[in-house]
Amino acid sequence: MPIILFSSDFYEKGRQLAEKTAETLGYRYVDREILPSVAEKYGIAEAKLKRALDETPTLMGMPSKAWKLYLAYIQEAVLGELLDDKVVCHGLAAHLYVLGVSHVLKIRILMDPDERAREVSNQNEVSLQKAGKIVRRQDKQRRKWSLDAFNQDETDPGLYDMVINISQIAPDEAVEMITTATGYRKFQPMTYSIKCLQDRELAARVRAALLKSFPDVRVQARDGAVVVEIKALKREKRRKAAAVKSIVGEISGVHYVEVHVINDIFRQAAESSR
Amino acid sequence: MSEKLKVLLLDDEPIVGKRLKPALTKIGCEVEVFQDPREAVERIGETEFDIVVTDIRMDDIDGMQVLEHVINKSRRTKVIMITGYAMMSLAREAMEKGAFDFIAKPFQPDDLRRVIAKAAEALGSSIDFEVPNQDEP
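It should be emphasised that the depicted structure is a prediction, and the values quoted were computed from it without experimental measurement. (Residues numbered from 1 in each chain as written. Chains lettered and ligands numbered in written order. Predicted model: local features only at pLDDT ≥ 70, side-chain atom pairs only at ≥ 80, totals over all residues.)

**Student:** What am I meant to see in the overall build of chain A here?
**Tutor:** Within chain A one finds 11 helices and eight strands. For chain A, the residues scored as buried account for 36% of the 274 residues in total. Summarising the internal contacts of chain A: among those between residues at least 6 apart in sequence, 63% fall at separations of at least 24. (Helix = DSSP H or I, 4+ residues; strand = E, 2+ residues; numbered from the N terminus. Buried ≥ 20, exposed ≤ 12 C-beta atoms within 10 Å, placed from the backbone. Contact = placed C-beta atoms within 7 Å.)

**Student:** Mind showing me how you'd approach the overall build of chain B here?
**Tutor:** Of regular secondary structure, chain B possesses five helices and five strands. The secondary structure elements of chain B, listed N-terminal to C-terminal, are β-α-β-α-β-α-β-α-β-α. Relative to the compact-globule value of 14 Å for 137 residues, chain B shows a C-alpha radius of gyration of 14 Å, a close match. Taken along its principal axes, the extent of the C-alpha atoms in chain B is 35 × 30 × 25 Å. With 137 residues in all, chain B has 39% of them scored as buried. Contacts spanning at least 24 positions in sequence make up 62% of the contacts within chain B whose residues lie at least 6 apart. (Rg over C-alpha atoms; globule rule 2.2 N^0.38 Å.)

**Student:** Quick question: what am I supposed to make of the interface of chain A and chain B here?
**Tutor:** One widely used convention gives an interface's size as the accessible area the parts lose upon coming together. At the junction of the two partners, chain A supplies 11 residues and chain B supplies 12 residues. For the side of chain A that touches chain B, the per-class residue count stands at three nonpolar, five polar and three charged. (Nonpolar A, V, L, I, M, F, W, Y, C, P; charged D, E, K, R; others polar.)

**Student:** Sorry, what's going on with helix H5 (residues 109-122) of chain B here?
**Tutor:** Think of an α-helix as turning once every 3.6 residues; residues three or four places apart then point the same way. Residue and element names in this part refer to chain B. Helix length check: H5 (14 residues) gives 20 Å between terminal C-alpha atoms against 20 Å at 1.5 Å per residue, within 8%. For H5, every residue scored as buried is listed here: Leu112, Arg113, Val115, Ile116, Ala119 and Ala120. An end-on view of H5 places all buried positions within 165° of arc, on one side of the element. Glycine 124 sits one or two residues past H5 and shows a positive phi near 85°. (Expected span 1.5 Å × (residues − 1). Arc of directions from axis to C-beta.)

**Student:** Would you mind showing me how to read the environment of Leu233(A) here?
**Tutor:** Residue and element names in this part refer to chain A. Tracing the backbone shows leucine 233 in the loop between strand S7 (225-232) and helix H10 (237-249). Distance from leucine 233 to glutamate 119, taken between C-alpha atoms, is 54 Å for residues 114 residues apart in sequence. Ignoring sequence-local partners within four residues, the contact set of leucine 233 consists of Asp264, Arg267 and Gln268.

**Student:** Looking at this structure, I do not really get unusual backbone geometry. What am I missing?
**Tutor:** If a residue is not glycine, its phi is most likely negative; likewise, a peptide bond is most likely trans. A cis amide bond, omega -5°, links Lys105(B) with the succeeding residue Pro106(B). As for its position among the elements, Pro106(B) is in the loop between strand S5 (101-104) and H5. If you check the backbone angles, Ala93(A) has positive phi at about 60° while not being a glycine. With respect to the helices, strands and loops of the structure, Ala93(A) is situated in the loop between strand S3 (87-90) and helix H5 (94-97). For Ala93(A), a count of 25 C-beta atoms within 10 Å corresponds to the buried category. For Asp223(A), which is not a glycine, the phi torsion comes out positive at approximately 50°. Position of Asp223(A) relative to the elements: it lies in the loop between strand S6 (218-222) and S7.

**Student:** Can you walk me through the nonpolar core in this structure?
**Tutor:** Proteins that are soluble and globular tend to have nonpolar side chains buried together. If you look at the biggest cluster of nonpolar residues, it comprises 110 residues, and the most contacted ones within it are Cys89(A), Val228(A), Val7(B) and Ile80(B). Looking at this core element by element, the count peaks at 11 residues for helix H4 (residues 64-82) of chain A. Three or more residues apiece are contributed to this core by two domains, here domain 1 (3-187) and domain 2 (213-272) of chain A. Contacts of Ile80(B), omitting those with residues within four sequence positions, involve Ile51(B), Val53(B), Phe100(B), Asp101(B), Ile103(B), Val115(B) and Ala119(B). (Core = buried A, V, L, I, M, F, W, Y, C linked by C-beta atoms within 7 Å. Domains from an automatic or database assignment.)

**Student:** What should I look at first to understand the sheet that holds strand S1 (residues 3-8) of chain A in this one?
**Tutor:** Consider a sheet: its strands pair through backbone hydrogen bonds, and that pairing is either parallel or antiparallel. Residue and element names in this part refer to chain A. Taken in spatial order, the five strands make up an open sheet running S2-S3-S1-S4-S5, and their pairing is parallel. Two strands lie at the open edges of the sheet, namely strand S2 (28-30) and strand S5 (162-165), each paired on one side alone. Shown here is a sheet whose adjacent strand axes are inclined to one another by a mean of 20°, direction ignored. Relative to S3, S2 runs parallel, the two being bridged by three bridges. Bridge pairing links valine 30 to cysteine 89 in S3. The sheet strands contacting H4 are S1, S2 and S3, and the helix crosses S3 at an angle near 155°. The sheet contacts of helix H8 (residues 171-181) involve S1, strand S4 (104-110) and S5, and relative to S5 the element is tilted by about 170°. (Pairing = 2+ DSSP bridges. Axes fitted to C-alpha atoms, helices over the stretch in contact; angles between N-to-C directions.)

**Student:** Even after reading the chapter, I still don't get the pairing of strand S4 (residues 78-83) of chain B, so can you show me in this structure?
**Tutor:** Here is the key point about a regular strand: its side chains alternate between the two faces of the sheet. Residue and element names in this part refer to chain B. Burial runs high along S4: six of the six residues are buried. The pairing of strand S3 (residues 51-55) with S4 spans five bridges and is parallel. Its bridge partner being in S4, aspartate 55 is matched across the sheet by isoleucine 82. Following the backbone out of S3, through helix H3 (residues 63-73) and into the adjacent parallel S4, one traces a crossover that is right-handed. The pairing of S4 with S5 spans four bridges and is parallel. Its bridge partner lying in S5, isoleucine 82 is registered against isoleucine 103. Where the polypeptide runs from S4 across helix H4 (residues 88-96) and back to S5, its parallel neighbour, the crossover connection is right-handed. (Right-handed = clockwise from strand over helix to strand, strands pointing away.)

Here you go:
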């Protein structure tokens, strides 16, 4: 059965709908509740993972390197959860990094801006005008976050299989529409799509293992064969390639590792100007 | 299994049929191999196959047309699409049109045998298939 990924412009409403969909279909529901186990695995504070999902790096805030690392840890955990189908996932930005997998159904939940402003106004006890400003700022921030984090514009409807405005479609009707779509043949798992997901999960595990030591690492995986691209100075090439092979060789599911080392021209230029 | 599964294998690359025919014969399938989609379509018109395995990108008639032809003739026949140009939109289109499964090339003969075994099960049949060593054809 398909995997359903929810994205919403109003977190709480998206969560309610995702939970209801999971309950109706008898699917497992995955959300930010998985973050404590990710935090424990990597020995970091859960709050930092939550912040990484909501904020972009700033000079005074979260450093860019740490932000990328936390997102890679979350991505690894989420893809691991998605390997078993019959899952509904919300609040972990999976719609931005689970790309090209045909049995993944992506749903975007929207509300009319005025209605959202009313909700924000009630929740935060602020004027409607101020709530409207908050809503616009949130939208701008989410768009920036999605572009910076995964180079995808979360607000682009083309990213989704279904976009539902719950100001116009009642939540129960929305759940019915989504559950009906899960029965469409085009969203059923097949050998190709299952392999795509397995490849992405393996690539995410390898990347999470390497990112701390190799911040520019890029990873591709197919059927257990992994291609890793890193940057290094000429004199470091052999040592770094060996280090990558040693780390990746220990990862379960990896049968072959190929390392491409690209000359780090910026570091080289910096060193030669000293 | 009492009766052999009748499989038609269509790929314009001769090496594909040459490699896969023995792999499927070994698990008890009766395999007919075609490189020309026109000849394959003609043969599909004559006989009801249990399973059709077809490449997608071919000259004259592509795999999607073969799929439609098979589905129109017999909804019982399971069609497995194989392609070196796999992408999400193509996979979804194939499934929507009634394909049983979709496999990206390159793949191991075991990958296809596994899908054939699944198709046999869906047909109410069964074949003895245990995953052999990786280096076995």
